[in-house]
Amino acid sequence: MATEVELKLYCSPDDIARVGIHPLIAAGVESGPAKRLENTYYDTPDLALHQERMALRVRATPTERLQTVKCAAKSVAGLSARPEWETPYSGAFDFSAVDARKVRAFLEERQSSLVPVFTTSFERRTWRIEISRKIALWVMVDTGYVSSGDRVLPISEVELELEQGNPEDLLDFATALATHLPLVPHDVSKAERGYQLFLNQIPGPQKALPSPLDVKQSSAEAFRLLASQGMQMWQANLLGALTSQDQEFVHQFRVSLRRLNSLIKVFKPALPRRYQSQWTKRVKELSRITGDVRDLDVMRSGILVPMLQSDESQIRANVSAAVSALDKAKQEALVQVQQLRYGGPVLLFARDLQDLETDDFPKNLPRFAEKQLSVLHRNAVKLLVKTLKAPTPERAHRFRIALKHLRYSCEFFAPLFDNAEMLEYAKAIAGLQDAFGFINDFQVALSRLHDWVAQEAIPQEAREAVAVWHTPQAQAVLADALHLAESVMSRCQPWCTECERRGLTEIRRRMQHDIKLQVE
């Protein structure tokens with residue numbers, strides 16, 4: 001058995017020819033001419049191997065045929081390590097070289113029912129890069145396609161494989177490469193894409209997963225787990241934002257960065273100052289790149305489109321002018337998104353997370369979480385009080401940002417307390433965010449319309465029409481949202497251990513259950 005440590009990087013077909021001439025690659029030694037690799041992947045009719053996260057392929061090269069068995073990989077920022085067994089293939093499967101007893105038994109039991117599922121066909125150029133006497137790696141540039149039946153997907157990627165050294169060396173090399181080339185780390189192997197094609201599945205945007213925390217973990221372990229999980233979401237939606245027409249990828253990309261920003265904020269007392277400062281700034285900058293795309297989409301659907309149903313032709317004409325300006329701005333915003341093709345920040349985040357100094361992290365995770373959640377709650381309450389005294393859109397927006405940090409932190413720490421109550425509370429906070437959402441959307445739209453008037457892209461009457469149309473709704477929404485906020489923010493906080501000490505948590509849960517039964 002060999003353990004393969006590799007890192008996959010997506011590169012668009014239009015840019016992949018640039019990889020071979022980059023100085024970091026050109027400094028290596030190319031191992032002969034490009035090779036054509038034809039691979040057939042096998043599984044049982046019910047995809048038993050796929051369910052166990054195994055892959056079995058037969059690879060044909062101009063000189064030989066090889067049988068390869070691979071098991072599940074653990075992957076972070078595209079960097080994966082997986083066990084694999086490779087042996088010559090003579091026309092019949094032979095699993096005797098698989099020295100993991102359970103894996104071998106699993107394959108041998110199903111050997112008679114193995115059938116071809118999909119194929120990959122690609123051209124590979126390979127370089128050996130010797131960075132130092134102790135660090136060497138392989139760089140493989142693959143271009144071709146994966147096919148299943150009449151369905152086809154392109155292959156356009158760079159694989160880095162560690163020959164000698166540590167996984168961190170692979171990350172360092174990839175970060176340097178992705179700083180100057182449009183390379184984005186991705187975890188989806190050719191085999192996984194083949195199965196998606198076979199099953200006719202279209203990968204969708206990745207939403208936040210449940211928190212993986214446990215009360216037995218230290219706060220340092222908790223931060224690393226949550227940061228890694230957030231990075232996976234960032235990375236998956238980044239690739240989707242660059243390669244898919246589905247704008248939900250852009251939205252979930254922003255959500256992933258906002259969650260990371262909240263994570264850094266809630267762990268601020270424990271994080272090294274340089275790390276906290278650097279990544280707070282970087283995450284906000286990355287989020288801003290896609291901010292215009294999302295804001296313009298919301299402005300179109302929530303602010304302008306409803307006005308196109310007006311009976312007044314002049315209103316429709318003014319709004320049509322604003323829609324035209326919006327479409328132009330959207331195209332410019334999408335060009336900005338292409339900056340994200342240079343995936344160095346994801347790799348750098350992974351590297352910095354590995355090197356993170358954790359000496360100052362508190363040991364007691366639940367106590368740390370309770371304290372930080374209480375701080376975030378007090379901050380939100382203070383901003384609510386200010387907004388109630390002077391209910392301006394600006395104060396409402398600051399309160400909404402505080403709610404965002406509180407909500408995400410409740411989700412992060414939910415397993416440390418009463419998980420169901422924490423998630424229910426986070427859901428209530430999310431509803432409160434949504435209640436204030438229209439006010440912010442309206443203010444962003446007015447600001448953008450003001451800029452378009454100054455640029456003479458739309459007439460002043462267009463902005464005035466939007467302001468007159470939506471101002472009564474915005475005022476009513478603000479009043480209702482503030483009333484709801486008073487109710488939500490005065491609720492008992494589910495992370496408060498005082499309720500646990502007094503035995504009130506179970507009593508409250510039984511009361512809620514009884515009320516629910518009465519309603520039903």
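Preceding this paragraph is the structure being described.
Here goes a summary of the coordinates provided. (Residues numbered from 1 in each chain as written. Predicted model: local features only at pLDDT ≥ 70, side-chain atom pairs only at ≥ 80, totals over all residues. Heavy atoms only, no water.)

Here the focus is the overall build of the chain. Looking only at helices and strands, one finds 16 helices and 11 strands in the chain. In terms of its C-alpha atoms, the chain occupies a principal-axis envelope of roughly 80 × 65 × 50 Å. Burial statistics for the chain: of 520 residues in total, 48% are counted as buried. Within the chain, contacts between residues separated by at least 24 positions form 72% of all contacts whose residues are at least 6 apart in sequence. Split by element, the accessible area of the chain, about 25,800 Å² in all, is 51% carbon and sulfur. Across the chain, the centroid of the 66 positively charged side chains sits 5 Å from that of the 65 negatively charged ones. (Helix = DSSP H or I, 4+ residues; strand = E, 2+ residues; numbered from the N terminus. Buried < 20%, exposed > 50% of the residue type's maximum accessible area, 1.4 Å probe, protein only. Contact = heavy atoms within 4.5 Å. Areas by Shrake-Rupley, 256 points an atom, 1.4 Å probe, with all protein chains shown as cover. Lys, Arg positive; Asp, Glu negative; His and termini not counted. Charge placed at Lys NZ, Arg CZ, Asp CG, Glu CD.)

On the surface, Lys265, Lys268, Arg273, Lys284 and Arg288 cluster together into a patch of positive charge. Take the positive patch: its biggest share by element is 3 residues, from helix H8 (residues 273-304). (Patch = residues over 30% accessible without salt bridge, like charges linked within 9 Å, V, L, I, M, F, W, Y side chains within 5 Å. Salt bridge = Lys/Arg side-chain N within 4 Å of Asp/Glu carboxyl O.)

Turning next to the packing of aromatic side chains. Overall, the coordinates contain 16 aromatic pairs when judged by the stated rule. Their ring planes at 35 degrees and their centres at 6.3 Å tell us that Phe267 and Phe361 sit as a pair that is tilted. Within this pair, whereas Phe267 is found in the loop between helix H7 (248-266) and H8, its partner Phe361 is found in the loop between helix H10 (344-354) and helix H11 (365-389), the two being separated by 94 residues in sequence. Relative to Phe436, the ring of Phe399 lies with its centre 5.4 Å away and its plane at 80 degrees, an arrangement referred to as edge-to-face. (Phe/Tyr/Trp six-rings, centres within 6.5 Å; stacked < 30°, edge-to-face > 60°.)

Summarising the element assignment, His470 is placed in helix H14 (residues 460-489). Judged by its relative accessible area of 2%, His470 is buried. Residues His470 and Ile439, 31 residues apart in the sequence, show an inter-C-alpha distance of 9.7 Å. Excluding residues that lie within four positions of it along the chain, His470 makes contacts with Gly302, Ile303, Met307, Phe438 and Phe442.

This part is about helix H13 (residues 419-454). Taking 1.5 Å of rise per residue, 36 residues should cover 52 Å, and H13 covers 51 Å from first to last C-alpha, within 8% of that figure. Of all the bends in H13, the greatest, near 35 degrees, is centred on Phe436. Among the residues trailing H13, Glu456 stands out with phi positive, at a value near 60 degrees. (Expected span 1.5 Å × (residues − 1). Bend = angle between axes of the 7 residues up to and from the residue.)

Across a regular strand the side chains alternate sides, sitting on one face of the sheet and then on the other. Counting buried residues in strand E5 (residues 65-70) gives 5 out of 6 residues, a clear majority hidden from the surface. Where strand E4 (residues 55-60) lies against E5, 6 bridges are found, and the strand directions are antiparallel. Note on E5: the bridge partner recorded for Val58 is Gln67. Connecting E4 to the antiparallel partner E5 that follows it, the hairpin turn spans 4 residues. (Pairing = 2+ DSSP bridges.)

For the structure shown, the criterion picks out 25 salt bridges. Two residues, Arg36 and Glu38, come together in a salt bridge whose shortest N-O distance is 3.7 Å. Classification of Glu38 by relative accessible area gives partly exposed; the value is 37%. The residue Arg128 makes a salt bridge to Glu130 at a minimum N-O spacing of 2.9 Å. On the basis of relative accessible area, Arg128 is assigned to the partly exposed category, the value being 26%. One salt-bridge network, held together by shared partners, links Glu6, Lys8, Arg124, Asp142, Glu157, Glu159, Lys190 and Arg193.

As a further point, take the environment of Asp451. Following the sequence through the fold, Asp451 ends up in helix H13. A residue is classified by how much of its surface remains accessible, and Asp451, at 38% relative accessible area, is partly exposed. The sequence separation of Asp451 and Ile129 amounts to 322 residues, and the corresponding C-alpha distance is 51 Å.

To continue, consider the environment of Phe253. Looking at the secondary structure, you find Phe253 in helix H7. The sequence separation of Phe253 and Gly204 amounts to 49 residues, and the corresponding C-alpha distance is 12 Å. For Phe253, the contacting residues outside a window of four places in its chain are Trp234, Asn237, Leu238, Leu286, Thr290 and Leu340.

Now for the packing of H11 against H14. When two helices pack together, their arrangement is given by the angle between their axes and by how far apart the axes lie. It is the contact of H11 with H14, at a shortest axis distance of 11 Å, that shows an interaxial angle of 150 degrees. Of the possible angle classes, the one that applies to H11 and H14 is roughly antiparallel. Read as a crossing pair, H11 and H14 show a hand that is left-handed. In this structure, H11 uses His377, Ala380, Val381, Leu384, Thr387 and Leu388 to contact H14, whose residues at the interface are Leu482, Ala485, Glu486 and Met489. Its residues placed into classes, the contact of H11 with H14 shows 7 nonpolar, 2 polar and 1 charged. (Axes fitted to C-alpha atoms, helices over the stretch in contact; angles between N-to-C directions. Parallel < 35°, antiparallel > 145°, perpendicular 65-115°, else oblique. Left-handed = near helix turned anticlockwise from the far one by under 90°. Nonpolar A, V, L, I, M, F, W, Y, C, P; charged D, E, K, R; others polar.)

A positive phi angle is found at Leu47, which is not glycine, with a value near 55 degrees. Within the secondary structure, Leu47 sits in the loop between strand E3 (35-43) and helix H2 (48-51). With a phi angle near 60 degrees, Glu456 is a residue other than glycine that sits in the positive phi range. Residue Glu456 is classed as exposed on the basis of its relative accessible area of 73%.

A separate point is the nonpolar core. Of all hydrophobic cores here, the largest spans 125 residues; its most connected members are Phe223, Trp234, Phe267, Phe399, Phe413 and Phe436. No other element matches the 15 residues that H13 contributes to this core. Excluding its chain neighbours within four sequence positions, the residues that come into contact with Phe413 are Leu213, Val266, Phe267, Leu365, Ala369, Leu373 and Met422. (Core = buried A, V, L, I, M, F, W, Y, C linked by side-chain atoms within 4.5 Å.)

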